[in-house]
Structure formats: structure tokens, C-alpha cells
Amino acid sequence: RELREFLTHCVSQSGGHFSAGLGTVELTVALHYVFDTPRDKLVWDVGHQAYPHKILTGRRDRMTTIRKKDGLAAFPCREESEYDAFGVGHSSTSISAALGMAIASKLQGEERQMVAIIGDGSITGGMAFEALNHAGSLDTDLLVVLNDNDMSISPNVGALNNYLARILSSRLYSSVREESRKVLSQMPSVWELARRTEEHVKGIIVPGTLFEELGFNYIGPIDGHDLDTLIATLENLKQIPGPRFLHIVTKKGKGYAPAEKDPLAYHGVPAFDPGKDSLPKGEPSPHPTYTQAFGQWLCDMAREDERLLGITPAMREGSGLVAFSEQFPERYFDVAIAEQHSVTLAAGQACEGARPVVAIYSTFLQRGYDQLIHDVALQNLPVLFAIDRAGLVGPDGPTHAGSFDLTYLRCIPNMLIMAPADENECRQMLSTGFRHDGP
């Protein structure tokens, strides 16, 4: 309760990422209670949810400096604290990093716990599945905690699931399972029957078959706001060797009613009055933003040309595609946090005569660089990239700054690169780019 209240207090003064951290308060307390941090490593994916972690690791008094010059970083940062095991900001990196740490630690003969905490949005990224596929083939000690905060995988949360999670994560169950495997492995047909029976029984009551098939010992889903269950389950999992997967379900914005009601609006906030039920609204500008100009152009052009398709990697609101998604739902594609896929998807569409427009932040286009070169530019395909948040972005820091786009795009063949000076030039350049024969 104190941690959640303090988080609300400090973010209301400084602004920053809010609703994600509210949802991980109990998890953060449990992780630091059970594991010997910083010797044991916690790797937070993206870092939106890491404010409670910062508060509990010696940075409480500086939290109001977050996102300010010479203040705390907006995301976990190795240079800032020994408790920040890995610098993050972009999604889907935590499992790879934690696995690398686990491998290196084992080779050095050290017994330490490595924990990757990843959200249900980040696990849609291909890199997360690449890491899961690799980790499941090793006997390295790694715990992956899936923070499912949108009920996107399973709603099966309650007393029964919490009870089953405790049983399945217990040392007794684990030891019986391992000894049975040793005995039954001498009888391959019997062992295979037992293995499949266990998987199917688990599959009836928990949705972990995919992760079991990838080689993980899957536990969950459990209530991520039940501190007693979290601690008991983590204590049990700490004793089990090999790759483990804990699925928890949380509520984004937990404990602050306006954020629970509208977690998207409270994802990243300016300074606000916590006593009011709404965020402050700034004075409306007489001029539209580039994002607004792009969104309006996209809808206007879509009415003129049925070949136009809109693509975003999970950034509909930020990239100005809300109106387009509502007016042209069959021509709108949100591919989730999968930038590489978004670029090659556009390339495939262009091959068949479509004119795709990829609306993407500058910093995130970096993740699809090979696809941009290999799949779009070298084939000279007509794909328009509407790059948002170019240049320095300030508060979010270097992981989100669009500092490199002109440099890394100008060396690619066949590309037409334009930077508008005002709204009218923005619309003109978008139209020019859309009618350009190449990328």
C-alpha cells in the first residue's frame, strides 16, 4: 500500500510511466523479497513497469527527478544502479539478456538466479520466442515471469489455480517428477505416455502447453496481486533447476481508480493532481501536430486510392492511426510489437500491387533495418514509411530518441527521404512519397 501510494505521489509530480508500474507493485515486492538482488538479477522488459523497482532499490528520494535533465532515467539503466541488471527501453529483449547472464554465470561456476519479467505485449515480439526456443533446449537456470495485464492469454485466475500453482511449483512435486522421469526413461513408451498425460492434465486446467513444448516448466496463471501466493510460488520455483515459466495475471493501473478505468490514458502521464479523476489538458494549439496532419492525410488518401493500406507495430494512438483504423478497418493492420514483421509484411503487400504505409517511431524502425534494406529497398518496392518522433525526444532518453534515422536511411539505395518543415509540406511530401515508385 505504501509503495503504491508513493508511486502515485511521485509520478503525479514528475509525470512519466504510471499504470504499468501500478500493476507490478506486488510482483516487485515479492521478487525483491524472495531473491538476493542485486546478486540475483532481475531483467525488466521495456521498463515501463520498473518504477516500483527503482523506489525499492535506493532511488526513492530522486524519483521526482525522473525524465528530467540530470535526473533518473525513465527506464532501467546499468550506469544508474547495480540493481538495474540490463539497460532496456525497446521490447522483447529480457529473455535473451537473462539467458545470456545465466549461461555466463554457470560457466563461471556461480549459483545465481536470473529472472526475466516480460509483459504480454512484449512476448508477441519474435525475439522473445527466439529466446524461449533457445532457453528451453538448455538446462540453464532461468525464470521467465509473464506479466499478463490484459487478460490476453487466459482468464483462469482464482483460488484453484493459485492452489495448483503452489503444488506444481513445489519441491516435492518437482522431485517426484524428476525421479519418475529417470525410472520411466528406461521404458520409452511408458515414459512418453506419462509425459503426454501430464501435459494434457496441465492443458485442461492451465494454458501452458506451448511453453511446456518449448522446454519450460510452466506454472500458472496465478493472481499477480496476491502477495502471499506470489511469494510462496517464487520460493518454490527458486528451488527448481532449469528453465521455468511463471504466468501471472495483473491489472494495469491497479489501486488507482482512474488508471484502472483507462490504463491507456494513464500509461504515460504529465504531472497531475491525484485527487482528480482526469489528467490535465493543455491549451489546444492552433496548429496540428505532424502526427495529426499525417492521420488526416492517411484518411483522405485512402478515400481516393483503395490500394492504400495502413500498418503499425502496436502504436495506433501514438502514430495517428485511430481515425484510419475506424474508417478503414479492413485496410488497417496492427501487427503487435513486431517491427521486423511490419516491414516485410508491407513488402509482401507491395509485391501484389498494394501501397502500404508503415507508421512507425524512428527509434523502433531501427529494429526492422535488415528488412528495410533486404526486403524493401533492394527490391525497390513502393512502401511509404511515415516516421514519427524523429530527432531528440527528451524525457524518455536515448533509447527512444530518433537520432539515427537520417544517417542510417541515406546510405540505403532506391530510397527517397523527405523531412517536412510545416503541415502543408508534410501533406505534400506524404503524397509525393506515396506516388513514388520505390521505398
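First, a word on scope: everything that follows refers to the structure included in this document. Bear in mind that the values here come from a model prediction, so they are computed numbers and not experimental data. (Residues numbered from 1 in each chain as written. Predicted model: local features only at pLDDT ≥ 70, side-chain atom pairs only at ≥ 80, totals over all residues. Heavy atoms only, no water.)

**Let's talk about the overall build of the protein chain**
Of regular secondary structure, the protein chain possesses 19 helices and 11 strands. A buried classification covers 51% of the 439 residues belonging to the protein chain. Within the protein chain, counting contacts between residues at least 6 apart in sequence, those at least 24 apart form 71% of the total. When the accessible surface of the protein chain is totalled, it reaches about 20700 Å², and 54% of it is carbon and sulfur. (Helix = DSSP H or I, 4+ residues; strand = E, 2+ residues; numbered from the N terminus. Buried < 20%, exposed > 50% of the residue type's maximum accessible area, 1.4 Å probe, protein only. Contact = heavy atoms within 4.5 Å. Areas by Shrake-Rupley, 256 points an atom, 1.4 Å probe, with all protein chains shown as cover.)

**Examining the packing of aromatic side chains**
Considering all chains together, one arrives at 15 aromatic pairs under this definition. Both rings, one in Tyr361 and one in Phe364, keep their centres 5.6 Å apart while their planes meet at 10°; by these two values the pair is stacked. The exposure classification of Tyr361 matches that of Phe364, with both residues buried. With 5.2 Å between their ring centres and 75° between their planes, Tyr369 and Tyr408 make a pair best called edge-to-face. Here Tyr369 is found in helix H17 (residues 369–377), whereas its partner Tyr408 is found in helix H18 (residues 405–410), with 39 residues between them in sequence. The rings of Phe18, Tyr256, Tyr266 and Phe272 are connected pair by pair, giving a single aromatic cluster. One cation-aromatic arrangement involves Arg60 over Phe6; the distance from NZ or CZ to the ring centre is 4.2 Å. (Phe/Tyr/Trp six-rings, centres within 6.5 Å; stacked < 30°, edge-to-face > 60°. Lys NZ or Arg CZ within 6 Å of the ring centre and 35° of its normal.)

**Let's talk about the pattern of salt bridges**
Within this structure, the stated rule accounts for 14 salt bridges. With its nearest N and O atoms 3.5 Å apart, the salt bridge here joins Arg1 to Glu5. Of the residues examined, Arg1 reaches a relative accessible area of 68% and is grouped as exposed. One salt bridge in this structure joins Lys69 and Asp70, with 3.2 Å as the shortest N-O distance. Grouping residues by exposure puts Lys69 and Asp70 together as exposed. Within the structure, one salt-bridge network assembled from shared partners comprises Lys54, Arg59, Glu80 and Asp84. (Salt bridge = Lys/Arg side-chain N within 4 Å of Asp/Glu carboxyl O.)

**A look at the side chain of Glu339**
Turning to its location among the elements, Glu339 is positioned in helix H15 (residues 339–351). Contacts of Glu339, omitting those with residues within four sequence positions, involve Pro313, Ile360, Phe364 and Arg367.

**A word on the sheet that holds strand S9 (residues 332–334)**
Strand order in the open sheet formed by four strands is S9-S8-S10-S11, and the pairing between neighbours is parallel. Both edges of this open sheet fall to S9 and strand S11 (384–388), since each of them pairs with a single strand only. When strand polarity is set aside, the average angle formed by the axes of neighbouring strands in this sheet is 20°. As judged from the three bridges shared by strand S8 (residues 308–312) and S9, these two strands associate in the parallel manner. Along S9, the bridge assignment pairs Ile311 with Phe333. Sheet contacts for H15: S8, S9, strand S10 (355–361) and S11; angle to S10, the most-contacted strand, approximately 165°. Against the sheet, helix H19 (residues 423–435) contacts S8, S10 and S11, and its axis sits at roughly 150° relative to S11. (Pairing = 2+ DSSP bridges. Axes fitted to C-alpha atoms, helices over the stretch in contact; angles between N-to-C directions.)

**Side note on H15**
The terminal C-alpha atoms of H15, which comprises 13 residues, lie 19 Å apart, in line with the 18 Å expected from a rise of 1.5 Å per residue. Listing the buried residues of H15 in full gives Glu339, Ser342, Val343, Ala346, Ala347, Gln349 and Ala350. The arc that holds the buried residues of H15, viewed along the axis, is 165°, so those residues lie on one side. Buried residues along H15 sit against S8, S9, S10, helix H16 (362–365), H17 and S11. Looking at the residues trailing H15, positive phi occurs at Gly353, about 95°. (Expected span 1.5 Å × (residues − 1). Arc of directions from axis to C-beta.)

**Some details on the pairing of strand S5 (residues 217–223)**
Judged by how many residues are buried, S5 sits mostly within the fold: six of seven residues are covered. Pairing between S5 and strand S6 (residues 243–249): five bridges, direction parallel. Each bridged residue has a counterpart across the sheet, and for Tyr218 the counterpart in S6 is Phe245. Following the chain from S5 across helix H11 (residues 227–238) to the adjacent parallel S6, one finds a crossover that is right-handed. (Right-handed = clockwise from strand over helix to strand, strands pointing away.)

**Considering the sheet that holds strand S2 (residues 41–44)**
With parallel pairing, the five strands of this open sheet are ordered in space as S2-S3-S4-S6-S5. The open sheet terminates on both sides in strands that have one partner only, identified here as S2 and S5. Ignoring which end each strand starts from, the neighbouring axes of this sheet average 20° apart. Packing against the sheet, helix H5 (residues 94–107) makes contact with S2, strand S3 (114–119) and strand S4 (142–148), and its axis sits at approximately 175° to S3.

**Things to note about H19**
For H19, built from 13 residues, the straight-helix expectation of 18 Å at 1.5 Å per residue is met to within 8% by its first-to-last C-alpha distance of 19 Å. Here H19 has its buried residues at Cys426, Met429, Leu430, Ser431, Gly433 and Phe434.

**A closer look at a nonpolar patch on the surface**
Taken together, the side chains of Val29, Leu56 and Leu227 define a hydrophobic patch exposed on the protein surface, amounting to about 200 Å² of accessible area. Relative to the helices and strands, Leu56 resides in helix H4 (residues 51–59). On the basis of relative accessible area, Leu56 is assigned to the partly exposed category, the value being 42%. (Patch = residues over 30% accessible without salt bridge, like charges linked within 9 Å, V, L, I, M, F, W, Y side chains within 5 Å.)

**Remarks on the environment of Arg60**
Within the secondary structure layout, Arg60 lies in the loop between H4 and H5. Along the backbone, Arg60 and Cys10 are 50 residues apart, and their C-alpha atoms lie at a distance of 9.1 Å. For Arg60, the contacting residues outside a window of four places in its chain are Phe6, Lys54 and Ile55.

**Describing the nonpolar core**
One finds Ile95, Ile123, Leu132, Leu142, Val144, Phe216 and Phe245 to be the most contacted residues of the largest nonpolar core, which totals 24 residues. Listed by contribution, the elements that provide at least two residues to this core are H5, S3, helix H6 (126–135) and S4. Not counting chain neighbours up to four residues away, the residues in contact with Val144 comprise Ile95, Ala116, Ile118, Leu132, Phe216, Arg244, Phe245 and Leu246. Ile360, Phe364, Val376 and Phe385 belong to the second-largest nonpolar core, a separate cluster that totals 22 residues. (Core = buried A, V, L, I, M, F, W, Y, C linked by side-chain atoms within 4.5 Å.)

Without other data, these values stay purely geometric and don't point to any function.
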